[in-house]
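Spelled out from the first residue to the last, the chains are:
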Amino acid sequence: MTATIEWIDDKVVLLDQRFLPREERYVAFADYRDIIASIRNLAIRGAPAIAIAAAMGIALAVLNVPAQTMVELRESFASVCRDFASARPTAVNLFWAIERMKRRFDRTSGDSLDELRQALKDEALTILAEDIAANREIGRAGSALISDGEGILTHCNAGALATGGYGTALGVIRAAWEAGKRVTVYVDETRPVLQGARLTAWELHNEGIPAVLITDGMAASLMKRGLIRSVIVGADRIAANGDTANKIGTYGLALLARDHGIPFYVAAPRSSIDMAISRGEDIPIEERDPSEVTHIQGIPIAPAGIAVMNPAFDVTPSGLIGALITEAGVLHRPTAPGIASLFECSCYKGESQHSA
Ligand code: MRU
């Protein structure tokens, strides 16, 4: 499986996803500002991958800043954290990772500057390792929901590329496949940026997991024909009541699934849950550049000057979600008390309250 993001020789190396599937182009960054740009321009994307990129970017910035005193280092650190927080608004994992780096900074600020720099690098690498482990757990828990021979619809890319590795929604599918279940994955192309066609199809095809690429408008008809037996997607932010923001188009799929009596599952780590937001209406939704809608890979497909809307995410109400699959297990019919119970385990290291 291809590494999404790595720390190599004090550089952050990432696979530039804008060029997939045409080209596997890796870029190595020593300047944290290049990592912020990569989050904004979708060279790296997907909620958990954004979090890892931010954590590594913050560690990289602290490593290279020419501060001589703890006061100077703290000022630079605070400013870098603010810069990362402005990169994208919806995926709460970004803010979760920044808060974790801040807590590590505070815990280590009595040590030498070099020890602090090392501690922040360690924290970023721990976030990466924990994300991969969480995805394996999500896969293990979620694969029990998949039957042999099942047709599964997924939207956007919630795979290895969107995480530290293995994936959330695709992690469930991978685990089911590895357990010997014969699945067929229907992959929504996912306009406007085509994460399904370019990334999810690429991941599944590379691994030989049976996949059928479809356009976003085909889901209802395939459900009616009985080809799709479940829908699994990832999440960018889950409110305390279970309402879930994910790639635009997800909400429509949840409605279609309900109408066809098909279970709709969300697979995400607990770092995607924002206990500070009580309901989906309060989740900030990113509005992206109109050119993503009017152009495909730089080629215009609409008249110049046409009015455009381009919200990158929508919110699926928790009542449409059959189960939330996290590394803590499967939560059927998620509601506020059930979501809160996911953080009761004393082994949970992250904070459940995030800022936006
Ligand atoms: O705009 P993107 O590509 O960052 O959107 C990604 C998604 O919507 C994913 O489904 C979500 O982040 C979950 S990734 C495990």
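Just so you know, these numbers come straight off a predicted model, no measurement behind them.

Hey, could you go over the pattern of salt bridges for me, with residue numbers and the actual values?
This structure, assessed with the given rule, holds 21 salt bridges. Residues E130 and R100 are paired through a salt bridge, measuring 2.7 Å at the closest nitrogen-oxygen approach. Within this pair, whereas E130 is found in helix α5 (residues 113-143), its partner R100 is found in helix α4 (residues 92-108), the two being separated by 30 residues in sequence. Of the residues examined, E130 reaches a relative accessible area of 24% and is grouped as partly exposed.

With reference to specific residues and values, describe the site of the ligand.
Every one of the 18 residues lining the ligand counts as a neighbour, but R45, R88, D236, N246 and K247 are closest to it. The backbone of G46 places a nitrogen or oxygen atom 3.0 Å from an oxygen atom of the ligand. Within the side chain of Q195, a nitrogen or oxygen atom sits 2.9 Å from an oxygen atom of the ligand. Taking 410 Å² as the accessible area of the ligand by itself, protein coverage stands at 99%. For the shell around the ligand, the elements supplying multiple residues, two or more each, are α2 (47-64) and β9 (244-247). Among the residues forming the shell around the ligand, the class breakdown is seven nonpolar, seven polar and four charged.

I'd like to hear about the sheet that holds strand β10 (residues 264-267), residue by residue, with values.
Strand order in the open sheet formed by seven strands is β6-β5-β4-β7-β10-β15-β16, with mixed pairing between adjacent strands. The open sheet has two edge strands with one neighbour each: β6 (211-214) and β16 (329-332). Strand-to-strand twist of the sheet, defined as the mean angle between neighbouring strand axes without regard to direction, takes the value 25°. In this structure, strand β15 (residues 323-326) lies alongside β16, joined through four bridges in antiparallel fashion. Paired with T326 across the strands is G329, a residue of β16. Running over the sheet, α5 touches β10, β15 and β16 and is turned about 140° from β15.

Explain helix α3 (residues 70-85) to me, and be specific about the residues and the numbers.
An α-helical turn contains 3.6 residues, so any two residues separated by three or four positions project in the same direction. Counted at 1.5 Å a residue, the expected span for α3 with its 16 residues is 22 Å, and the 22 Å between its end C-alpha atoms agrees. Restricting attention to buried positions, one finds in α3 the residues M70, L73, F77, V80, C81 and F84. Looking down the long axis of α3, one finds its buried residues gathered within 105° of arc, a one-sided arrangement. Those residues of α3 that are exposed and angled more than 90 degrees off the buried face are V71, E75 and R82.

Before we move on, can you summarise the packing of aromatic side chains with the specific residues and values?
Two aromatic rings are characterised by how far apart their centres lie and by the angle between their planes. What the rule picks out here adds up to two aromatic pairs. Aromatic side chains F77 and F105 sit 4.3 Å apart centroid to centroid with 25° between the ring planes, which places their arrangement in the stacked category. Taken as a pair, F77 in helix α3 and F105 in helix α4 lie far apart in primary sequence, 28 residues in all. A single burial state applies to F77 and to F105, both of which are buried. A cation over an aromatic ring shows up here: R25 above the ring of F19, its NZ or CZ 3.7 Å from the ring centre. Residue placement shows K247 over the ring face of F313; its charged tip is 4.3 Å from the ring centre.

Let's hear about the pairing of β9: which residues, and what values?
Across two bridges, the pairing between strand β8 (residues 237-239) and β9 is antiparallel. Paired with I238 across the two strands is T244, which belongs to β9.

Please provide a residue-by-residue account of the nonpolar core, values included.
For soluble globular proteins, nonpolar side chains are generally found buried alongside one another. Ranked by size, the top nonpolar core spans 48 residues in total, and within it I5, M56, I58, F77, F84, M101 and L120 carry the most contacts. Elements with a contribution of two residues or more to this core: β1 (5-8), β2 (11-15), α1 (32-40), α2, α3, α4 and α5. Top contributing element to this core by residue count: α2, with 14 residues. Those residues in contact with L120 that sit more than four places away from it in its chain are A59, V62, F77, M101, R104 and F105. Listed in part, the 28 residues of the second largest apolar core include V231, I262, L320 and I321.

Break down the sheet that holds strand β14 (residues 313-316) for me, with residues and values.
Reading across from one edge, β11-β8-β9-β14 is the order of the four strands in this open sheet, with mixed pairing throughout. In this open sheet, the two edge strands, each paired with only one partner strand, are β11 (273-274) and β14. Sheet topology places β8 next to β11; two bridges connect them, and they run parallel. By the bridge assignment, I238 is partnered in β11 with I273.

Rules behind the numbers
- Residues numbered from 1 in each chain as written.
- Predicted model: local features only at pLDDT ≥ 70, side-chain atom pairs only at ≥ 80, totals over all residues.
- Heavy atoms only, no water.
- Salt bridge = Lys/Arg side-chain N within 4 Å of Asp/Glu carboxyl O.
- Helix = DSSP H or I, 4+ residues; strand = E, 2+ residues; numbered from the N terminus.
- Buried < 20%, exposed > 50% of the residue type's maximum accessible area, 1.4 Å probe, protein only.
- Near = heavy atom within 4 Å.
- Polar contact = N/O pair within 3.5 Å; in protein donor to acceptor, adjacent residues only side chain to side chain.
- Areas by Shrake-Rupley, 256 points an atom, 1.4 Å probe, with all protein chains shown as cover.
- Nonpolar A, V, L, I, M, F, W, Y, C, P; charged D, E, K, R; others polar.
- Pairing = 2+ DSSP bridges.
- Axes fitted to C-alpha atoms, helices over the stretch in contact; angles between N-to-C directions.
- Contact = heavy atoms within 4.5 Å.
- Expected span 1.5 Å × (residues − 1).
- Arc of directions from axis to C-beta.
- Phe/Tyr/Trp six-rings, centres within 6.5 Å; stacked < 30°, edge-to-face > 60°.
- Lys NZ or Arg CZ within 6 Å of the ring centre and 35° of its normal.
- Core = buried A, V, L, I, M, F, W, Y, C linked by side-chain atoms within 4.5 Å.

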